[in-house]
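Structure at a glance
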Amino acid sequence: MKLTSVLASAALVSFFTFSSDVPLKVINPSLAQVSAQETNGTTNLTVDQKIAAITANKGKPESAQMMREYFPKELSPIGIQPGGAGMVVNLYSKTSNVTFSLCTNFDVVVAVKKGKVTKFPANEVK
């Protein structure tokens, strides 16, 4: 009896998790328009302007979110090293040729450099 209720609960959770996006857009089509407008706002910036904005907010909570918005599906991990409050992950964008160092504990960008950098100097990622 207990196993069947656990399986039923898991099935319901997975159903709502995978299908939760569809009903919202069907019920409220303006949600799709809002997300499209946000995406268009970030594409008007050049790569150098995006990098400058992230660099200006380095160490602040919004820096990691900006990185994800400005470089969606472009970032791939190329290195891990000690830094920040624990470990940092170095993420490279081949399209934009820039490397970001992301502190995983606080979810903030701690270093940015043009080119592919597998390991930043220790004083840059502290």
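All residue numbers refer to position in the chain's written sequence, counted from 1. Local features in this predicted model are restricted to residues whose pLDDT is 70 or higher, and side-chain atom pairs enter the listing and the counts only when it is 80 or higher, whereas totals over whole chains, interfaces and linings include all residues. To obtain the side-chain values, all non-hydrogen atoms of the structure were included, while hydrogens and water were left out.

**What about the sheet that holds strand β4 (residues 108–114)?**
Let me state the cut-off plainly: DSSP-based pairing: two strands are paired if at least 2 bridges between them are found. Only runs of H or I of at least four residues qualify as helices and only runs of E of at least two qualify as strands under DSSP, and these elements are numbered from the N terminus. Lines fitted to C-alpha atoms define the axes, with helix axes restricted to the stretch in contact, and inter-axis angles between N-to-C directions lie between 0 and 180 degrees. Only heavy atoms matter for contacts: two residues are in contact if any of them lie within 4.5 Å across the pair.
Judged by pairing direction, the sheet is antiparallel, and its four strands sit side by side in the order β1-β2-β3-β4 without closing on themselves. The sheet is open, and its two edges are formed by β1 (75–83) and β4, each paired on a single side. Within this sheet the neighbouring strands show an average axis-to-axis angle of 25°, counted without direction. Of the strand pairs in this sheet, β1 and strand β2 (residues 86–93) are connected by eight bridges, and their pairing is antiparallel. Of the residues in β2, the one forming a bridge with Pro77 is Leu91. Most of the contacts of helix α4 (residues 47–56) go to β4, to which it runs at about 140°, and overall it touches β3 (98–103) and β4.

**Examining the confidence of the model for the protein chain**
The predicted coordinates of low-pLDDT regions are not to be read in fine detail. So the rule is basically this: Each residue gets a pLDDT score, which is the predictor's confidence in that residue and runs from 0 to 100.
Residue-level pLDDT values for the protein chain average 77, and 66% of them are 70 or greater. The least confident element of the protein chain is helix α2 (residues 21–27), whose mean pLDDT is 46; the most confident is β3, at 95. Residue range residues 10–40 is modelled with pLDDT below 50. Its contacts to residues more than four positions away, or to other chains, number one contact.

**As for the nonpolar core**
Just so we agree on the cut-off: The criterion is simple. A nonpolar core is a set of buried Ala, Val, Leu, Ile, Met, Phe, Trp, Tyr and Cys residues joined through side-chain atoms within 4.5 Å. The classification of residues rests on relative accessible area computed with a 1.4 Å probe and restricted to protein chains. Under 20% of the type maximum is buried, over 50% is exposed, and intermediate values are partly exposed.
Formed by 14 residues in total, the largest nonpolar core has its most connected members in Ile54, Met67, Phe71, Phe100, Val109 and Val112. Of all the secondary structure elements, the ones that give two or more residues to this core are α4, α5 (62–70), β2, β3 and β4. With four residues, the single largest contributor to this core is α5. The residues touching Phe100, leaving out its near neighbours within four places in the chain, are Ile54, Met67, Phe71, Leu75, Val89, Asn90, Leu91, Val109, Ala111, Val112 and Phe120.

**Considerations on unusual backbone geometry**
Both trends apply: most residues other than glycine have a negative phi, and most peptide bonds are in trans. One non-glycine residue, Asn97, adopts positive backbone phi at about 55°. Counting through the fold element by element, Asn97 comes out in the loop between β2 and β3. Under the relative-accessibility criterion, Asn97 is labelled partly exposed at 36%. For Asp107, which is not glycine, the phi dihedral falls at a positive 55°. Counting through the fold element by element, Asp107 comes out in the loop between β3 and β4.

**Things to note about the side chain of Asn57**
Going by this rule: Under the rule applied, a polar contact is a pair of N or O atoms within 3.5 Å (in protein, one hydrogen donor and one hydrogen acceptor; residues adjacent in sequence only if both atoms are side-chain atoms).
With respect to the helices and strands, the residue Asn57 is situated in the loop between α4 and α5. At 3.0 Å, the side chain of Asn57 and the backbone oxygen of Ala53 are in polar contact. Excluding residues within four positions of it along the chain, Asn57 makes contact with Glu62, Ser63 and Met66.

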